[in-house]
Amino acid sequence: MKSISRAERLLWVAALTVIVAFTVPWFLWGSDRLVAGLPLWLWWFVGWMLLSAGIFALFARRAWGLGITDGVGSDRPAGERP
């Protein structure tokens, strides 16, 4: 795993918090507005899933294992540990 700065760790925590907080579109409850024949809340979920997938892909490339692995006990040979 690459070395991640404290600032980047905080950005990942913030991104996760935003994803979780806005997963349920509470501000659309009771709305019967249609867009292209589908309810607005359905479009919210489609867009939110695309955004979440993009953030996850970036996380997988940049910070996979953040908060989970520390290099101790990993399956890498001892010479490859940071």
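See above for the structure.
These numbers were taken from a predicted model, which means no experiment stands behind them. (Residues numbered from 1 in each chain as written. Predicted model: local features only at pLDDT ≥ 70, side-chain atom pairs only at ≥ 80, totals over all residues. Heavy atoms only, no water.)

Asks: For this particular structure, what's the right way to read helix 1 (residues 6-21)?
Replies: Count 3.6 residues to each turn of an α-helix, and residues three or four apart come out pointing the same way. The first and last C-alpha atoms of helix 1 sit 22 Å apart over 16 residues, in line with the 22 Å expected at 1.5 Å per residue. Taken as a whole, helix 1 has its buried residues at Glu8, Trp12 and Ile19. All buried residues of helix 1 lie within an arc of 45 degrees about the axis, which places them on one face of the element. Exposed positions of helix 1 whose direction lies more than 90 degrees from the buried face are Arg6, Val13 and Val20. For helix 1, the secondary structure elements touched by its buried residues are helix 2 (40-62). (Helix = DSSP H or I, 4+ residues; strand = E, 2+ residues; numbered from the N terminus. Expected span 1.5 Å × (residues − 1). Buried < 20%, exposed > 50% of the residue type's maximum accessible area, 1.4 Å probe, protein only. Arc of directions from axis to C-beta. Contact = heavy atoms within 4.5 Å.)

Asks: Explain the packing of aromatic side chains here, please?
Replies: Both the distance between ring centres and the angle between the ring planes are used here to describe each pair of aromatic rings. In total, this model carries seven aromatic pairs according to the counting rule given. With centroids separated by 5.1 Å and ring planes inclined at 80 degrees, the aromatic side chains of tryptophan 12 and phenylalanine 59 adopt a geometry described as edge-to-face. In this pair, tryptophan 12 is assigned in helix 1 and phenylalanine 59 in helix 2, connecting sequence segments 47 residues apart. Here tryptophan 12 matches phenylalanine 59 in class, with each residue buried. Through successive ring pairs, a cluster of aromatic residues spans Phe22, Trp26, Phe27, Trp44 and Trp48. (Phe/Tyr/Trp six-rings, centres within 6.5 Å; stacked < 30°, edge-to-face > 60°.)

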